[in-house]
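# Summary of structural features
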Amino acid sequence: MAINTTPLSESSKNNPDKQNNFVIALAGNPNVGKSTVFNRLTGLKQHTGNWPGKTVIKAEGTFSHRNRHYTLVDLPGTYSLHASSSDEEVARDFICFSRPDITLVVCDATCLERNLNLVLQILEITDRVLVCVNLLDEAERKGIQVDIAMLARQLGIPAVGTAARSGRGLESLKNVLDDMLAGKIASRPRQLVYDPELEASINEIEKRLAPYLPAWINSRWVALRVLERDFSILEHISNHKNNDYPRQVLKEEVALCLR
Amino acid sequence: MSAINNPELSVLREIEPLLPANTANIKDRIVSGIYQQAESISAQVVRSENSQYTGLEARLDNILTSRWLGFPIMLLLLTLILWITITGANYPSQLLATGLFWLEEQLTALFLAVNAPVWLSGLLIQGMYRSLAWVVSVMLPPMAIFFPLFTLLEDLGYLPRVAFNMDKLFRRAGAHGKQCLTMCMGFGCNAAGVTSCRIIDSPRERLIAILTNTFSICNGRFPTLIALATIFMGALVSQAYSSILATLAVVAIIMTGIATTLLVSSLLSRTLLRGMSSFFVLELPPFRRPQLGQILIRSLLDRTLFVLWRAVVIAAPAGALTWILANSFIGETSVFALIAGWLNPLGQLMGMDGIILIAFLLGLPANEIVLPILIMGYISAGSMLELDSLNALRILLLDHGWTWITALCVMLFSLLHFPCGTTLYTIFKETRSARWTLLSALLPLLLGIVVTLIINQGSQIIMR
């Protein structure tokens, strides 16, 4: 799959007209009201996305808040980022390589635990994450209460509770986005810790890989993928750096290295 | 070969030896690390007063999907359902057969009364009507009992728990955990099972699921298995235990099918379709109170009548074709007997005979008609008798030299032979490849030939 070769945030920052334009990726499990959040935020200002090679991305839309302009990119709904399906790969690659200014992860308050798996995986790639706990109304009806402040503290990133169907909480969601971009909110994301044996392998691999990796990529996350023998991630990184490098050659080189 | 000028890639050479060999294990540990932390965060953040997932449900799930009890419970439920089916189907089956064959007599009398030509009454009554009557009386009662029971389990929410139990086995075979669901679908109908393989994203794992779907015994084959098991396996022990033994024989064939699915999946993922299995999240839906009325309507209309109709539509022309083959003569022998004669040596080697093999070949359009064709083949080959019950069928088969070994070989061959025409067509549509379709037919057929050969030759050596 072709990778978007120019990081969005940089290209937009280089362009003086777009000084004030920020890209927000919208991620989440299927059926958590992601589309409702998307529609509520962008209203009618949406069109089908045209990110290079990203035919699966359904839509992007724009909105403005406190003099900042936002482009919201709706990623396919996924349970994880293991890249075992094309949807998961698209979501993962967008978050990793297109480097949105903020990744907004929509969660279902009625089954938060399952949704947290995705949040934790996204936090391994980027720390610019805002969690939106949606469907609060439905959770209340089922007698489920979610302590949003505690969640933010546990994850080390901001979190907002919403009920997007009625529009509840969306105003403060936009305020928090603004505060994050203004640097008013510091995030210290929780890092996933694995069993000691795995940690040792991860550290070893990360140490050796790090010198070869660009600064913007989370080397621990790359080390994890390599540990899983998902070498395609290295191809992607190479591809990303030399954007006209032929893919077939890369494949051959991976094969050569592993011989 | 081009020189390597990508530092990111050349470092792989340095790292690769450090990587643990067992990737599946690494992935499992990474995933379980993520899940544990999600669980611990959730425990501190979520307060639930009266959660949907109450203590009782959680406890039930713990039992149904437990490491030790999960499989025995599955087996027990399957056995129970089949036992109810076999015991319950006997009487109505006999009743239906008596009624339908009484009607046959009346029809014959009518044809005689209007002086219809012999070939016409032969084609219509002994050919078409008789095979229809057989399909209806042998297949309808077991289906009418089996399907509502199966739908009941589905409605309760038990099937996703089965998938949960089986997931690990499938992943060990290098296949996708969802293949268990497509396999369960195959127990209904293989064509539907093949279509349902679309739920598997990875093309490699989808192909494995498609190629192995035929190892799920479908509706078309259950009645044949049940009838043969009742006649031959049940007769091995005293009356009191016969239906139990018959049930266990069918369960054993089903389990053989599941084992074959895993074995062949694992074989394929190590040879033709090499690769790793991918992850998926399986949601266990809440248990629901089943709606009995709905179950009856859905299982009777959607499944029983659907399958029966398909069988009838295909059985009638196939019955006519069989009658024509059996009644057109080249010299002294009929075409049917001629083909049976050619196939006989191979059939004998496999513990069966030529007529049985013809029945499977002519049964290509639908597995439902294998047994009726077989019966017609035997009847046209000589001994004319009134088939009004399973007992009459038993006598007919015994007259043609059947033993329980023959029955076992036929049951195994019914499990392991080419999928029916509809399924093959569906496989072609799904894979868009004549080669994979051909493989999907040859793979089980070869297995079937080898297995029946071994069973038959082995039993002859032991019995000698």
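Residues numbered from 1 in each chain as written. Chains lettered and ligands numbered in written order. Predicted model: local features only at pLDDT ≥ 70, side-chain atom pairs only at ≥ 80, totals over all residues.

Scanning chain A for helices and strands turns up eleven helices and eight strands. Of all 259 residues assigned to chain A, the portion counted as buried reaches 46%. Pairs at least 24 residues apart make up 63% of the contacts formed inside chain A by residues separated by at least 6 positions. (Helix = DSSP H or I, 4+ residues; strand = E, 2+ residues; numbered from the N terminus. Buried ≥ 20, exposed ≤ 12 C-beta atoms within 10 Å, placed from the backbone. Contact = placed C-beta atoms within 7 Å.)

What follows covers the packing of helix α9 (residues 203-212) of chain B against helix α19 (residues 434-463) of chain B. All names here are of chain B. Where α9 contacts α19, the two axes come as close as 9 Å, and the packing angle between them is 45°. Considering the angle they form, α9 stands oblique to α19. When you trace α9 past α19, the crossing you get is right-handed. Here α9 contributes L207, I210 and L211 to the contact with α19, which in turn contributes W436, L439, S440 and L443. Among the residues forming the contact of α9 with α19, the class breakdown is six nonpolar, one polar and no charged. (Axes fitted to C-alpha atoms, helices over the stretch in contact; angles between N-to-C directions. Parallel < 35°, antiparallel > 145°, perpendicular 65-115°, else oblique. Left-handed = near helix turned anticlockwise from the far one by under 90°. Nonpolar A, V, L, I, M, F, W, Y, C, P; charged D, E, K, R; others polar.)

Residues and elements named next belong to chain B. Running from N to C, helix α17 (residues 404-415) and α19 cross one another at 165°; their axes reach a closest spacing of 9 Å. Judged on the interaxial angle alone, α19 and α17 are roughly antiparallel. Like other packed secondary-structure pairs, α17 and α19 cross with a definite hand, here right-handed. Contacts from I405, L408, C409, L412 and F413 of α17 reach α19 at G448, V451, T452, I455, N456 and S459. Grouping the constituent residues of the contact of α17 with α19 by class yields seven nonpolar, four polar and no charged.

On to the environment of A191(B). Residue and element names in this part refer to chain B. Here A191 lies in helix α8 (residues 190-196). Owing to 23 C-beta atoms within 10 Å, A191 belongs among the buried residues under this scheme. Residues A191 and P419, spaced 228 residues apart in sequence, show a C-alpha to C-alpha distance of 8.9 Å. Contact partners of A191, with chain neighbours within four places excluded, come to T422, T423 and T426.

Examined bridge by bridge, strand β3 (residues 59-65) of chain A and strand β4 (residues 68-74) of chain A share seven bridges and lie antiparallel to one another. Bridging from a neighbouring strand, T62(A) pairs with T71(A) of β4(A). (Pairing = 2+ DSSP bridges.)

All right, on to the nonpolar core then. The nonpolar side chains of a soluble globular protein tend to be buried with one another. Residues L225(B), L228(B), A229(B), V250(B), A359(B), L374(B) and M411(B) are the most contacted members of the largest nonpolar core, which totals 98 residues. Top element by residues in this core is helix α5 (residues 118-156) of chain B. It accounts for eleven residues. In this structure L374(B) touches I355(B), I356(B) and A359(B), once residues within four positions along its chain are discounted. Judged by nonpolar contacts, the second largest core, of 81 residues, contains L41(A), L104(A), I217(A) and A223(A). (Core = buried A, V, L, I, M, F, W, Y, C linked by C-beta atoms within 7 Å.)

Residue and element names in this part refer to chain A. Of the residues in chain A, 78% reach a pLDDT of 70 or more, and the chain-wide mean stands at 79. Here residues 1-17 is a poorly scored stretch, pLDDT under 50, and it has 33 contacts once near neighbours within four places are set aside; other chains count. Across residues 48-56 the pLDDT falls below 50, and counting only partners more than four positions away or on other chains, this stretch makes 23 contacts in the model. (pLDDT = per-residue confidence, 0-100.)

Per-residue pLDDT for chain B has a mean of 81; in total, 88% of the residues score no lower than 70. Between the elements of chain B, mean pLDDT differs from a low of 67, seen in helix α1 (residues 7-15) of chain B, to a high of 94, seen in α17(B).

All names here are of chain B. Relative to the helices and strands, L152 resides in helix α5. A count of 16 C-beta atoms within 10 Å places L152 in the partly exposed class. C-alpha of L152 to C-alpha of I295: the two residues are 143 residues apart in sequence and 6.5 Å apart in space. When neighbours within four sequence positions are excluded, L152 is seen to be in contact with P290 and I295.

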